[in-house]
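# Observations on the three-dimensional arrangement
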Amino acid sequence: MTYCFDIVGIAPVLDFFYYQQKVEQSPHRSKAYLGSYECTLDSFIQSTEMILQKPDWNWDQVIESIIDFWLHQEKEIEKWRSCFTKTKEEILIIGRIANVNLLRRDFDSLI
């Protein structure tokens with residue numbers, strides 16, 4: 001399986017919590033969201049452990065995709081880190097990990 005990781009935004013803690021509860025209902029979902037109080041590689045890797053109902057994915061490959069993003073997307077990371085550090089509220093930086101094969105299936109079903 002192939003996985004991709006991306007930082008998708010910032011959100012208040014409760015908003016993220018409620019959204020994640022809705023998304024985690026399906027064990028066959030194509031994506032999972034990670035929330036972190038810090039914009040660091042370690043914090044996103046640790047946030048994978050906070051997913052209560054993990055999809056049946058290869059989580060070693062998921063971690064590899066997060067590391068790969070961190071190694072090759074320095075400008076993107078700095079952009080989000082800058083936005084994130086400017087906020088003063090109780091917020092999280094949000095990342096999305098996607099199973100590319102399942103995501104492709106979801107897009108195909110839309111067409």
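Provided above is the structure to which this section pertains.
Here goes a summary of the coordinates provided.

Cut-off values and rules
- Residues numbered from 1 in each chain as written.
- Predicted model: local features only at pLDDT ≥ 70, side-chain atom pairs only at ≥ 80, totals over all residues.
- Heavy atoms only, no water.
- Helix = DSSP H or I, 4+ residues; strand = E, 2+ residues; numbered from the N terminus.
- Buried < 20%, exposed > 50% of the residue type's maximum accessible area, 1.4 Å probe, protein only.
- Contact = heavy atoms within 4.5 Å.
- Areas by Shrake-Rupley, 256 points an atom, 1.4 Å probe, with all protein chains shown as cover.
- Lys, Arg positive; Asp, Glu negative; His and termini not counted.
- Charge placed at Lys NZ, Arg CZ, Asp CG, Glu CD.
- Pairing = 2+ DSSP bridges.
- Axes fitted to C-alpha atoms, helices over the stretch in contact; angles between N-to-C directions.
- Phe/Tyr/Trp six-rings, centres within 6.5 Å; stacked < 30°, edge-to-face > 60°.

## A closer look at the overall build of the chain
Helices and strands together make up the secondary structure of the chain, namely five helices and three strands. Along the chain, from the amino end to the carboxyl end, the secondary structure elements read β-α-β-α-α-α-β-α. In terms of overall dimensions, the chain has a C-alpha envelope of 40 × 30 × 30 Å along the principal axes. By residue count, 38% of the 111 residues in the chain fall in the buried class. By sequence separation, contacts in the chain at least 24 residues apart represent 80% of the contacts at least 6 residues apart. Accessible surface, the chain: about 7,200 Å² in total, of which carbon and sulfur atoms supply 54%. In the chain, which carries 12 positive and 17 negative side-chain charges, the distance between the mean positions of the two groups comes to 6 Å.

## Digging into the sheet that holds strand β3 (residues 91–99)
Adjacent strands of a sheet pair through backbone hydrogen bonds, lying either parallel or antiparallel. With antiparallel pairing, three strands are arranged side by side in an open sheet as β1-β3-β2. Looking at strand neighbours, the two that pair on one side only are β1 (3–12) and β2 (31–36), the edges of this open sheet. With direction set aside, neighbouring strand axes in the sheet form an average angle of 25°. Those strands touched by helix α3 (residues 59–72) are β1, β2 and β3, and its axis lies near 75° from that of β1. The sheet strands contacting helix α4 (residues 74–86) are β1, β2 and β3, and the helix crosses β1 at an angle near 15°.

## Details of the environment of V13
Assignment of secondary structure puts V13 in helix α1 (residues 13–23). Sequence separation between V13 and S36 is 23 residues; the distance between their C-alpha atoms is 9.4 Å. Setting aside anything within four residues of it in sequence, one finds V13 in contact with Y37, E90, I91 and L92.

## Re the packing of aromatic side chains
Enumeration over the complete set of coordinates arrives at eight aromatic pairs. Ring centres of F5 and F44 lie 5.3 Å apart, and the angle between their planes is 65°; this geometry places the pair in the edge-to-face category. Here the residue F5 occupies a position in strand β1, and F44 occupies one in helix α2 (residues 41–47), the gap between them amounting to 39 residues. For F44, a relative accessible area of 0% puts it in the buried group. An aromatic cluster is built from F5, F44, F69 and W70, whose rings are joined through pairwise contacts.

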